[in-house]
Structure formats: structure tokens, C-alpha cells
Amino acid sequence: LSFLTRFLNPDSRVGGFLLRKLIPHGNVENRKGISAIYNEFEFDSIVMSHGSIVEKDGKAEFKKIFGSYL
């Protein structure tokens, strides 16, 4: 099962495709919301709903995944 779930990582092609389907680029509200999170909040760590934790450089990781929305 882990073989299949590794493709859901937003850095992978499949994960990136799914991210763009779940949060369409064309929707201006999506872009504004993601930009607001990035620009208005100061954060260094991210705790994801499934339990993974980014302990440092959270803002850089956020930009790596959502950079095309910013």
C-alpha cells in the first residue's frame, strides 16, 4: 500500500495533479486564500492533519508546494 501512497506526495506528478484538481488555479479565491496564509502569517513549522510534522523551514516548504498559487 505504501507503494501507491508515495505518489500522493505533492512533490510527485500524481500528487501535484491531484492538488491542482482539488484546488484549481483558475479560482481567484483559492489564490487569494493561499497568498493570505503565506503573506500574513509567520510560521516555521507545519502540522498536517495526517500527523506529519515539518519542524523547520515550514514557510519554504509551503512555498515549494503552493508556489504556483502565489
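Residues numbered from 1 in each chain as written. Predicted model: local features only at pLDDT ≥ 70, side-chain atom pairs only at ≥ 80, totals over all residues. Heavy atoms only, no water.

A word on the overall build of the protein chain
Here comes step 1: Per the secondary structure count, the protein chain includes 4 helices and 2 strands.
Here comes step 2: Counting from the amino terminus, helix and strand elements in the protein chain follow one another as α-α-α-β-β-α.
Here comes step 3: Counting only C-alpha atoms, the protein chain reaches 40 × 30 × 15 Å along its principal axes.
Here comes step 4: Counting over 70 residues, the protein chain shows a buried share of 20%.
Here comes step 5: At a minimum sequence separation of 6, the contacts of the protein chain that also span at least 24 residues come to 41%.
Here comes step 6: In the structure as shown, the protein chain presents an accessible area of about 5500 Å², 58% of it carried by carbon and sulfur atoms.
Here comes step 7: Between the centroid of the 10 positive side chains of the protein chain and the centroid of its 8 negative side chains there is a distance of 11 Å. (Helix = DSSP H or I, 4+ residues; strand = E, 2+ residues; numbered from the N terminus. Buried < 20%, exposed > 50% of the residue type's maximum accessible area, 1.4 Å probe, protein only. Contact = heavy atoms within 4.5 Å. Areas by Shrake-Rupley, 256 points an atom, 1.4 Å probe, with all protein chains shown as cover. Lys, Arg positive; Asp, Glu negative; His and termini not counted. Charge placed at Lys NZ, Arg CZ, Asp CG, Glu CD.)

Quick look at helix α2 (residues 13-22)
Here comes step 1: Of the residues making up α2, those classed as buried are Gly15, Gly16 and Leu19. Down the axis, α2 shows its buried residues gathered within 100 degrees of arc, on one side only. Seen from the buried face of α2, the exposed residues on the opposite side, beyond 90 degrees, are Arg13 and Lys21.
Here comes step 2: In the core, the buried residues of α2 are packed alongside α4 (58-66). (Arc of directions from axis to C-beta.)

What about the pattern of salt bridges?
Here comes step 1: If you walk through the whole model with that rule in mind, you get 4 salt bridges.
Here comes step 2: Lys32 is paired through a salt bridge with Glu29; the nearest N and O atoms lie 3.7 Å apart. In this pair, Lys32 and Glu29 both sit in helix α3 (residues 28-40), 3 residues apart, roughly one turn of the helix.
Here comes step 3: Residue classification places Glu29 among the exposed residues on the basis of a relative accessible area of 52%.
Here comes step 4: Between Lys59 and Glu42 there is a salt bridge whose closest N-O contact spans 3.7 Å. Here Glu42 lies in the loop between α3 and β1 (46-47) and Lys59 lies in helix α4, a separation of 17 residues in the sequence. (Salt bridge = Lys/Arg side-chain N within 4 Å of Asp/Glu carboxyl O.)

Observations regarding the confidence of the model for the protein chain
Here comes step 1: Per-residue confidence for the protein chain averages 89 on the pLDDT scale, and 99% of its residues sit at or above 70.
Here comes step 2: Within the protein chain, helix α1 (residues 2-5) has the poorest average pLDDT of any element, 78, and α3 the best, 95. (pLDDT = per-residue confidence, 0-100.)

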